[in-house]
Amino acid sequence: MNVGRFIQYIASGTAYTVSVSLIALPLGLFLGLIFSLLYVYGGKILTRIMSIYSTVMRGIPPIVLLFILYFMVSGSINLSAFWAGSISLGIISSAYQMEIIRGALLSVSGGQMMAARAVGMSRMGAIKHIIIPQAFRMAICPWSNEAAIVIKDSSLVYALGVPEILRRAQLISASTQQPFLAFIIAGVIYFVLVFVTNRLLDGLDKRLRIPANP
Amino acid sequence: MGSVFVILQRFLPEFLKGTLVTLELTAVGILLGFAIGLMLALSRAYGPKWLRLIAIGFIELFRGTPLLVQLFLIYYGLPSMGVTLSQSVSAYLALGLNSAAYQAEYIRGAIQSIGESQMTAGRAIGLSRWQTIRFIIMPQALRLVIPAWSNEPISLLKTSAVVFLIAVQDLMARGKRAASITYNPIGSYLAIAVIYLVMVFAMSALLKWLERKTKIPGFEMETEKA
Amino acid sequence: MPNPILVVKDLTKKYGDHIVFHDINMTINEGDTVVIIGPSGTGKSTLLRCINLLTKANSGQIWLDGEEITAPGHDEDEVRQHIGMVFQNFLLFNHLTALDNVKIGLSKVKKLKDDQAEAKAMQELERVGLADRAHHYPGQLSGGQQQRVAIARALAMDPRIMLFDEPTSALDPELIGEVLEVMGKLSKDGMTMLVVTHEMGFAREVSDRIIFLEKGSIVEDGPPEVLFYTPKFERTREFLWKITELYGKKESDS
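Residues numbered from 1 in each chain as written. Chains lettered and ligands numbered in written order. Predicted model: local features only at pLDDT ≥ 70, side-chain atom pairs only at ≥ 80, totals over all residues. Heavy atoms only, no water.

Trainee: What exactly am I supposed to notice about a nonpolar patch on the surface here?
Mentor: Residue and element names in this part refer to chain A. On the surface, a nonpolar cluster with roughly 510 Å² of combined accessible area is contributed by I184, V188, V192, F195, V196 and L200. Here L200 lies in helix α9 (residues 179–208). On the basis of relative accessible area, L200 is assigned to the exposed category, the value being 61%. (Patch = residues over 30% accessible without salt bridge, like charges linked within 9 Å, V, L, I, M, F, W, Y side chains within 5 Å. Areas by Shrake-Rupley, 256 points an atom, 1.4 Å probe, with all protein chains shown as cover. Salt bridge = Lys/Arg side-chain N within 4 Å of Asp/Glu carboxyl O. Helix = DSSP H or I, 4+ residues; strand = E, 2+ residues; numbered from the N terminus. Buried < 20%, exposed > 50% of the residue type's maximum accessible area, 1.4 Å probe, protein only.)

Quick look at the structure:
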């Protein structure tokens, strides 16, 4: 088999890898945003619950959680490994994203809330118009990190049989006895995906930066 | 969830064996990662340009690709290049190299936050560059880095679970075995999840203790002061 | 016929066993400029924050324009539309331009249409002399400019009374003047103002009344001529002498 076809076969897994990430990351963001707002603004009981959720979900290895969630999700609804895996990764990521957003929310100084209330804004209004816009800018850098992690962790669905990049590399290395080349190519593709994502988010960060004189 | 308890009871000896393997993997990974990471950090901070580029290349590659790919490359890929390593050694190597990339960045951050002024002060009393690094900068950097670095052993502990895919008999592998014997995957994996949680808690407590013991009042990295 | 805008009755605030202030009674009439002075840590800032309900007092009542705002169930957010507050650390919204800082209360709280809000916001910025900086961000403005924007932001809501919490304490000396100038003009234009400050020049020349707060209670409350020249209490004389020594730049000796 020529190198071209070789690369093409592995690269065709990219669609799966990207898709898994494009499901998991936004799902994690959606849940993470809700959870973090509950965590920071929800009152004693909710804060406690979210704190426990965070500790548990981040204390268990992602692969273990993936298996647990995968069997739970596919046990109750009839979903393919792809969907069950992606959703599970999203749920796992939500715990980490919750912490990132929480950190960003808390880093907006308390004075901002006070100033917002002082012009008559309600608590909700202040959170929506003053706190979140500032927290958003502070969250981009660590979130970029999390995005890279999700792309890399998407390789875990290899264990569920999803035909993404790593699984393809494994299959073709077995049939062509060229494992070294196969995994190098897989590595390069992942690297490019992570690199591009980081660059894009860096660009976003720069665009959204609030102008200030040194 | 009673089934989790039953499974824990039934497989405890085997799970404990797996736990030991996991701890071993983590320990070797951290130590190897530290040794290599330290060299990488020093190369980046103080080395000549070519060395810096090599260090950056290594760090970017290992942080920019999944551990699983690195693991498979070492275990499945190297034999075709003439280097055949056992499962355990492959796992140690992959975990160690991967961790090195992350530890290098932590250490480099600490070195940077100490800044040029300490180097200037050291040179001013006649120490050579290397002596200043060794006796003035590194002792401070290594203490400064502990809070941020504490994330790494825990991260490594969790990451180590994937090595079951090359048949290393860690805790995850035992969980998988329990699942295939009991036909209860959720219960089995929940059981080992509990054990992983216990390990993470214990390690966190240990690291917090370490942090407290090595703290110098008033001397913290910028990000820690928030 | 004096029209009381703000009436405070028997207001007390404590944190656990620590009493911040107790049994505070005061009346601010329309158009008055009242300055609160006193040693640091005597709860002056806390008092202001209790007045606009950012902090809850433990006991006592407050009336704004005849309505008891401390009554249970009273809409706090609504009250704060009628009380303007200027903070020591300016607390401008960092992610918004000067114009948007002034505008946001008008758009989101008063629900004005965008063009109306913008017009009013520009008007207030002009009032404090910063119309040309409308599109600058807080990080691009000096401390004095930031504080003036903060004043514009509070004024935009057309408050019945303006509260100032040590508005110049965080400013470099050469920037204090521009803020005091704006405040002086406001006072002359008839705004009802309650100002906590160490600026004795301002207190003596601009205020209608001075309240001396010490150890959590009001020692003396009267016009500046009385407090500065013939205070009723020795403590007042002592404090003013000390503070004038420290801060009195524009002081000519009495």
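Continuing now.
Trainee: Teacher, can you tell me more about the pattern of salt bridges here?
Mentor: Any two side chains of opposite charge can pair, on the condition that their charged atoms come close. Scanning the entire structure with this criterion turns up 25 salt bridges over all chains. A salt bridge links R209 of chain A to D205 of chain A; the nearest nitrogen and oxygen atoms lie 3.0 Å apart. According to the relative accessible area criterion, D205 of chain A is buried, its value standing at 16%. With its nearest N and O atoms 2.5 Å apart, the salt bridge here joins R160 of chain C to D65 of chain C. With R160 of chain C in the loop between α5 (143–155) and β7 (161–165) and D65 of chain C in the loop between β4 (59–64) and β5 (67–68), the pair connects residues that are 95 residues apart, well separated along the chain. For R160 of chain C, a relative accessible area of 29% gives the class partly exposed. By sharing partners, the salt bridges in this structure join R117 of chain A together with K56, E76, D77 and R80 of chain C into a single network.

Trainee: I keep staring at the packing of α9 of chain A against helix α2 (residues 49–64) of chain B and nothing clicks. Help me out?
Mentor: Helix-helix packing: each pair is described by the crossing angle between the helix axes and the interaxial distance. Close contact between α9 of chain A and α2 of chain B brings their axes to 9 Å; oriented N to C, the two are set at 95 degrees. In this view, α9 of chain A runs roughly perpendicular relative to α2 of chain B, as classed from their interaxial angle. Contact with α9 of chain A, carried on its side by Y190, F191 and V194 of chain A, involves E60, L61 and G64 of chain B of α2 of chain B and no other residues of that element. Considering only residue class, the contact of α9 of chain A with α2 of chain B consists of four nonpolar, one polar and one charged. (Axes fitted to C-alpha atoms, helices over the stretch in contact; angles between N-to-C directions. Parallel < 35°, antiparallel > 145°, perpendicular 65-115°, else oblique. Contact = heavy atoms within 4.5 Å. Nonpolar A, V, L, I, M, F, W, Y, C, P; charged D, E, K, R; others polar.)

Trainee: Could you clarify how one ought to interpret the interface of chain B and chain A in this entry?
Mentor: Accessible area lost on assembly of the parts is the figure often given for the size of an interface. Each side of the interface is counted separately: chain B has 32 residues, and chain A has 29 residues. Summing both partners gives a buried area of about 2700 Å² for chain B against chain A, and 84% of it is carried by carbon and sulfur. Its largest share of buried area at the contact with chain A, chain B owes to F72, L73 and K158 of chain B, together 19% of the area lost on that side. On inspection of chain B and its partner chain A, the count reaches zero salt bridges. Taken together, the links from chain B to chain A amount to four residue pairs in polar contact (both at pLDDT 80 or more). Only α2, α3 (67–77) and α10 (185–214) of chain B provide two or more residues apiece to the side of chain B that touches chain A. When residues in the side of chain B that touches chain A are grouped by element, the largest group, ten residues, is from α10 of chain B. Residues of the side of chain B that touches chain A, tallied by class, amount to 25 nonpolar, four polar and three charged. (Buried area = accessible area lost by both parts, 1.4 Å probe. Polar contact = N/O pair within 3.5 Å; in protein donor to acceptor, adjacent residues only side chain to side chain.)

Trainee: How should I be thinking about the interface of chain A and chain C in this particular structure?
Mentor: With 20 residues of chain A at the contact, the number on the chain C side is 23 residues. Between chain A and chain C, roughly 2000 Å² of surface is buried when both sides are summed, and carbon and sulfur atoms account for 66% of that area. Where chain A meets chain C, there are one salt bridge. Run the count over chain A and chain C and you get five residue pairs in polar contact (both at pLDDT 80 or more). When residues of the side of chain A that touches chain C are traced back to their parent elements, those giving at least two are α6 (110–118) and α7 (123–153) of chain A. In terms of residue count, α6 of chain A provides more of the side of chain A that touches chain C than any other element does, seven residues in total. Class assignment of the residues belonging to the side of chain A that touches chain C gives a composition of eleven nonpolar, seven polar and two charged.

Trainee: Help me out: how do you make sense of the sheet that holds strand β1 (residues 4–15) of chain C in this one?
Mentor: Residues and elements named next belong to chain C. Read from one edge of the open sheet, four strands run β2-β1-β4-β5, paired in antiparallel fashion. Strands at the two margins of the open sheet, each flanked by one partner only, are β2 (18–29) and β5. Pairing of β1 with β4, which is carried by five bridges, proceeds in the antiparallel orientation. Note on β4: the bridge partner recorded for V8 is I62. (Pairing = 2+ DSSP bridges.)

Trainee: I'm lost on the packing of helix α2 (residues 14–41) of chain A against helix α3 (residues 44–59) of chain A in this one. Help?
Mentor: All names here are of chain A. The N-to-C vectors of α2 and α3 enclose an angle of 130 degrees; their axes lie 7 Å apart at closest approach. By the angle between their axes, α2 is oblique relative to α3. Crossing of α2 over α3 shows left-handed handedness. Taken together, the residues of α3 that come into contact with α2 (itself represented by F35, L38 and Y39) are L46, T47, M50, S51 and Y53. Residues belonging to the contact of α2 with α3 are distributed by class as follows: six nonpolar, two polar and no charged. (Left-handed = near helix turned anticlockwise from the far one by under 90°.)

Trainee: How should the pairing of strand β3 (residues 33–37) of chain C be read in this particular structure?
Mentor: Here is the key point about a regular strand: its side chains alternate between the two faces of the sheet. Residues and elements named next belong to chain C. Extensive coverage of β3 is indicated by the burial of five of its five residues. What you see with β3 is no split at all: T33, V35 and I37 on one side and V34 and I36 on the other are buried throughout. Looking at chain direction, β3 and strand β8 (residues 193–196) are connected through four bridges and run parallel. Across the sheet, residue T33 finds its bridge partner in β8, namely M193. Relative to strand β9 (residues 209–214), β3 is paired through four bridges, and the arrangement is parallel. Bridge pairing links V35 to I210 in β9.

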